[in-house]
Amino acid sequence: MSCMNHKHILQIKNLSVSFTQYEKGLRKIDLKVIRNLNVSVGEGELVAVVGASGSGKSLLAHAILGILPRNCDAEGNIWFEDELLSPKRIEELRGGKIVLVPQSVTYLDPLEKVGRQVRKEQDEESVRTKQEELFDFYKLPQNTADLYPFELSGGMARRVLLTTAMMESPRLIIADEPTPGLHLEAAKKAMSHFREFADKGNGVLLITHDIELALEVADRIAVFYAGTTVEEAPVADFQSVDTLRHPYTKALWRALPQNGFHPFPGKQPYAKDMPNGCPFGPRCPQLTPECEGNIQEQLIRFGRVRCIHAK
Amino acid sequence: MRLEAKGISFGYKKGVKILDQFQITIENHERVGIVAPSGFGKTTLCQILSGYIKPASGQVLLDGKDIYKIQGYCPVQMIWQHPEKAVNPRLRMKDIIAEGDGIDERIMDGLGIERDWLNRFPGELSGGEVQRFCIARALGKRTKFLIADEISTMLDLITQSQVWNFLLTEVAERKIGLIVVTHSNLLMERIATRQVVLSSEPAKSLLFH
Amino acid sequence: MNNTGSVTILQKYQRKRLNQRSQTLLVLAFGSIFLLAITVIGTLVGDIAITTNFTQKNFLPQIAHPFGTDWLGRDMLARTLKGMSISIYIGLFASVISAVIAAILGAAAATLGKKVDAVITWFIDLVMGIPHLLLLILISYAIGRGTFGVVVAVAISHWPVLTRIIRGEILQLKEANYIKIAGKLGQSKMKIVVKHMIPHVFPQFLVGLVLLFPHAILHEAALTFLGFGLPPEQPGIGIILSESMKYLSLGMWWLALFPGMVLMTTVLLFDLVGGSLRKMIDPHSAQE
């Protein structure tokens, strides 16, 4: 495994999610939006899953939390602290040991005061104390508890969402695009709380489209392409294109404004017309006939990659 | 051509101005980046500059003509941040692009629009693909200024560089003025020839030349 | 630990044997055929419904007369169908008028400026504020009862809800980015209305129209039942029910039960048809 000195908090193997959708009229089709996805989060780690918006990476978060839409099929093995999870167990852990920090304030109930929401309507002394401690910790004034969500600024709202998540002393935070449209500096600041949380021996899975942010805050980056993670690499490997493994990751690296801003032809394939074998095949300069076969994940220099040509 | 904003003030709430006496002049050979923290009315400013919103005071002039009063095709076109809201979900992509002002095949090729997308509905394409159409649609023959409001936040990096590389050559060739809003400093440095900073308190604008 | 080989099923989509869209279509087809059948048969039965036959008075339901006969020996099934078809016609007529009023007022409120909007909104509140039946009785009484009175009363008391929906939809559309963009791209107002607005509002209008039916029918029946509606010569379902009331105490339960059930079924079917139409149009439920 990629991080041998760590104990895993979360480990996902061969996760697949497919959608049932109407195509035209009464015909239904199955769209496999996530296929054979692997990712893991170790103790003290912040792992970023980076992919284009609308590529289905949010479904990863929803699958881990068991909150997929009804017209979905999902399968795959999820281990949480070495325990293989069943759907029922996922439901028990959700909101307790595993929590979701969503994108925006719209996830707060606009009609309820913030304090009560954070306490989940409980008023016992112990719960109240915990909420007050957390407010202190995240530098929220105590009177924030009496505000309604619309009275919060963007930054405060983010911290409120965070305290809500922390009330149950979780081990794993799944953050789905927690900093949409934020300036890099502001986003980094917002992410510092996640960093602190991870540094205490917990795990954070950050799902984002913002690779610049991921490069700044994450320990490892999993690159999401066409429904799967093509490469999982320590963040240090992103310093140079030579230490990266997958041709897509390399193309991604070259497309960064600071690395030349090089465009790359082609587009991500649809779930509907996915090529055989490697999803990157049609765009790949190294394409060979073997690429259309089954691509196994390989372990190379502490990173995992799904490419038969990777060195 | 020249786009001039004179003494623009605007606020959504009474007494709270998000823009106060904002001034800017842009020539059609320039690429201007607008920098400001989130929540400082960058999108509002874009809408004012492209004539969607009438400012509370002040004027936006395109070669001396008030932009808000221009009838018909507006030479200042804005590209919005959220492509899925900028297209009618009930129309096919070919009908959406047809609303533009004679969009060349060349533009569609440059933005990597594939021909079989034209018969699809927006819901059948990804956000990045729809955004390419929105960009193409704004590049009509009569477009003189292009206002890009965080147009690549929804795109993956490779698409982002594809789109921007094309846009930069296109605006240079056709002498279209470009106004860019992005939260990415690196992207801004890459694109803009000059940056304008909307400073915070008290919502006032500074000008850097 | 990692290579157990087996895969955990995390979620299985419970597919129905019929997918929802087919199911909805089926309900729609079934409901429409049933209602059409009532209307057509009711129109065609003609004289049987009013032919008296004193040798067959007060029959309990039986094979020859599934709904029994009344005190004049008339076949209750024929009468019920006839009555129902009259009610459906009136309902149809009244709801179409109502819907047209709603479309015009809704569009006017949304497009003709703040003052017009305020006036129309005020009227909506006014009409909705008065108890429905009271308003119906008032209007129908003022116009002078009869078929005309009922149609007018039902038509001009049922528009507010749909008006509100249409007004809201258009207001929301006007703020939609893609419509504002179309304007900046030099598209004419007319083109925007035809290409962007009507295709969006029309389906909602249609659903609203269908959902008006059950109300219109029920209120027509209620009005007639109370004696403010159709004249006794016209065997509307309300007339049948109110006449039957007098014979209930004589133990002739079938006179009221079957027509009542047919009325209820019709109303529920219309509701079902409207509901399934909406389900197919509404994008939130369309993918299930």
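Residues numbered from 1 in each chain as written. Chains lettered and ligands numbered in written order. Predicted model: local features only at pLDDT ≥ 70, side-chain atom pairs only at ≥ 80, totals over all residues. Heavy atoms only, no water.

Undergrad: So what's going on with the overall build of chain A? Residues and values would help.
TA: Tallying secondary structure elements over chain A gives eight helices and 12 strands in all. By the compact-globule yardstick of 19 Å for 311 residues, chain A fits well, its C-alpha radius of gyration being 20 Å. Each principal axis of the C-alpha atoms in chain A carries an extent, and together these give about 65 × 50 × 35 Å. The 311 residues of chain A split such that 56% are buried. By sequence separation, contacts in chain A at least 24 residues apart represent 65% of the contacts at least 6 residues apart. Per element, the accessible surface of chain A, about 13100 Å² overall, is 52% carbon and sulfur. Averaging the positions of the 38 positive and the 40 negative side-chain charges in chain A gives two centres separated by 4 Å. (Helix = DSSP H or I, 4+ residues; strand = E, 2+ residues; numbered from the N terminus. Rg over C-alpha atoms; globule rule 2.2 N^0.38 Å. Buried < 20%, exposed > 50% of the residue type's maximum accessible area, 1.4 Å probe, protein only. Contact = heavy atoms within 4.5 Å. Areas by Shrake-Rupley, 256 points an atom, 1.4 Å probe, with all protein chains shown as cover. Lys, Arg positive; Asp, Glu negative; His and termini not counted. Charge placed at Lys NZ, Arg CZ, Asp CG, Glu CD.)

Undergrad: Can you break down the packing of helix α8 (residues 189–225) of chain C against helix α9 (residues 237–248) of chain C residue by residue, with the values?
TA: Residue and element names in this part refer to chain C. Where α8 contacts α9, the axes come no closer than 7 Å and their chain directions differ by 40°. Of the possible angle classes, the one that applies to α8 and α9 is oblique. Crossing of α8 over α9 shows right-handed handedness. Residues Ala221, Thr224 and Phe225 of α8 form the contact with α9, whose participating residues are Ile237, Gly238, Ile239, Leu241, Ser242 and Met245. A breakdown of the residues in the contact of α8 with α9 according to their chemical character gives six nonpolar, three polar and no charged. (Axes fitted to C-alpha atoms, helices over the stretch in contact; angles between N-to-C directions. Parallel < 35°, antiparallel > 145°, perpendicular 65-115°, else oblique. Left-handed = near helix turned anticlockwise from the far one by under 90°. Nonpolar A, V, L, I, M, F, W, Y, C, P; charged D, E, K, R; others polar.)

Undergrad: Any chance you could break down the pattern of salt bridges for me, citing the residues and the numbers?
TA: Inspection of every chain in the model, using the stated rule, returns 35 salt bridges over all chains. Aspartate 123 of chain A is paired through a salt bridge with arginine 128 of chain A; the nearest N and O atoms lie 3.0 Å apart. Judged by its relative accessible area of 30%, arginine 128 of chain A is partly exposed. Between arginine 106 of chain B and aspartate 104 of chain B there is a salt bridge; the shortest N-O distance is 3.7 Å. Owing to a relative accessible area of 39%, arginine 106 of chain B belongs among the partly exposed residues under this scheme. The class of aspartate 104 of chain B is partly exposed, set by a relative accessible area of 33%. Overlapping salt bridges, with partners in common, bring together Glu45, Arg220, Glu232, Glu297 and Arg304 of chain A in one network. (Salt bridge = Lys/Arg side-chain N within 4 Å of Asp/Glu carboxyl O.)

Undergrad: Go over the pairing of strand β10 (residues 228–234) of chain A, please, and point to the residues and values.
TA: All names here are of chain A. Most of β10 is tucked away: six of the seven residues are buried. Here six bridges tie strand β9 (residues 220–225) to β10, and the two strands are oriented antiparallel to one another. Opposite tyrosine 225, over in β10, you have threonine 228 as the bridge partner. Between β9 and β10, which pair antiparallel one after the other, the connecting turn spans two residues, and alanine 226 there sits at a positive phi close to 45°. Across two bridges, the pairing between β10 and strand β12 (residues 303–305) is antiparallel. Across the sheet, residue glutamate 232 finds its bridge partner in β12, namely arginine 304. (Pairing = 2+ DSSP bridges.)

Undergrad: Tell me about the layout of surface pockets, residues and numbers included.
TA: All names here are of chain C. In this structure, the second largest pocket encloses a volume near 1200 Å³. If you trace the second largest pocket, you find 30 residues lining it, with Lys174, Ile179, Lys189, Ile192 and Met197 closest to the centre. Secondary-structure elements contributing two or more residues to the lining of the second largest pocket are α2 (76–111), α6 (160–175), α7 (177–184) and α8. A breakdown of the residues in the lining of the second largest pocket according to their chemical character gives 16 nonpolar, nine polar and five charged. (1 Å grid on protein atoms, 1.4 Å probe; cavity = no way out; pocket = protein on both sides within 12 Å on 5 of 7 lines; lining within 4 Å. Points joined across faces, edges and corners; volume = space filled by probe spheres on them.)

Undergrad: How would you sum up the packing of α6 of chain C against α8 of chain C? Please name residues and give values.
TA: A packed helix pair is summarised by two numbers, namely the angle formed by the two axes and the spacing between the axes. All names here are of chain C. Contact geometry of α6 with α8 gives a least axis separation of 10 Å together with a crossing angle of 165°. In terms of their interaxial angle, α6 and α8 are classed as roughly antiparallel. At the point where α6 passes α8, the crossing takes the right-handed sense. Facing Leu162, Ile166, Glu169, Ile170, Leu173 and Lys174 of α6, the residues of α8 in contact are His196, Met197, His200, Val201, Gln204, Phe205, Gly208, Leu209 and Leu212. Here the contact of α6 with α8 is built from residues that sort into nine nonpolar, four polar and two charged.

Undergrad: Requested: an account of the interface of chain B and chain C, with residues and values cited.
TA: Contacts between the two partners involve 20 residues from chain B, matched on the other side by 15 residues from chain C. Interface of chain B and chain C: buried area, both sides summed, is about 1600 Å²; carbon and sulfur atoms make up 54% of it. Its largest share of buried area at the contact with chain C, chain B owes to Tyr52, Arg90 and Glu99 of chain B, together 38% of the area lost on that side. Counting the contacts that link chain B with chain C gives one salt bridge. Here the side of chain B that touches chain C is composed, by residue class, of eight nonpolar, seven polar and five charged. (Buried area = accessible area lost by both parts, 1.4 Å probe.)

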